[in-house]
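Chain by chain, the residues run as shown.
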Amino acid sequence: MKLDPGFLTHVSRGEHITVSTSGTKWSGLIRSNPTAAFIIECLKSDTTETAIVDKLLEKYDVERSVAERDTAAVIAKLRSIGAVTE
């Protein structure tokens with residue numbers, strides 16, 4: 001899976017923003033907390049949910065179950081707006 005190319009990311013003053021372009025069905029922007037921003041950045045290249053969880057575990061001191069739950073939740077939200085391609 002990968003972030004749809006119709007969604008662009010930008011960091012401004014420490015805030016991670018994902019913006020839809022005119023080529024997407026969803027219109028708007030997403031402001032992300034650091035964990036969601038990390039997940040979105042991982043999605044810039046083709047990856048799997050398990051690979052993202054593994055990267056989260058390397059970066060943050062968190063239990064695997066929490067990383068799995070958070071990753072699944074962020075990806076589900078992104079899928080619901082069409083921001084993730086399989």
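Anything mentioned here points back to the structure above.
Definitions and limits used
Going along each chain's sequence as written, the residues are numbered from 1 onward. Since the coordinates come from a predicted model, pLDDT governs what is reported: local features require at least 70, and pairs of side-chain atoms require 80 or more to be given and counted, while whole-chain, interface and lining totals use all residues. Hydrogens and waters are ignored; side-chain quantities use all the structure's heavy atoms. Partly exposed describes any residue whose relative accessible area lies between the buried limit of under 20% and the exposed limit of over 50%, with all areas from a 1.4 Å probe on protein chains only and scaled to the type maximum. Starting at the N terminus, helices and strands are each numbered in turn, a helix being any DSSP run of H or I of at least four residues and a strand any DSSP run of E of at least two. One bridge is not enough; two strands pair if DSSP finds at least two bridges between them. Only the stretch in contact is used when fitting a helix axis, every axis being a line fitted to C-alpha atoms; angles between N-to-C directions are given from 0 to 180 degrees. What a helix is expected to span follows from its residue count: subtract one and scale by 1.5 Å. Residues are treated as being in contact if the distance between any of their heavy atoms lies within 4.5 Å.

**Focus on the pairing of strand S4 (residues 29-32)**
At step 1: Residue alternation in S4 divides its side chains into a buried set, Ile30 and Ser32, and an unburied set, Leu29 and Arg31.
At step 2: The pairing of strand S3 (residues 15-20) with S4 spans 4 bridges and is classified as antiparallel. Paired with Val19 across the two strands is Leu29, which belongs to S4.

**With respect to the sheet that holds strand S2 (residues 7-12)**
At step 1: With respect to topology, 3 strands assemble into an open sheet ordered S2-S3-S4, the strand pairing being antiparallel. Each of the sheet's edge strands pairs with one partner strand only, and the pair in question is S2 and S4. The average undirected angle you get between the axes of adjacent strands in this sheet is 20 degrees.

**Considering helix H3 (residues 64-80)**
At step 1: For H3, with 17 residues, the first-to-last C-alpha span of 24 Å sits near the 24 Å given by 1.5 Å per residue.
At step 2: Here the buried face of H3 lies against S4, helix H1 (34-42), helix H2 (49-59) and strand S5 (84-85).
At step 3: Just beyond H3, the residue with positive phi is Gly82, at close to 80 degrees.

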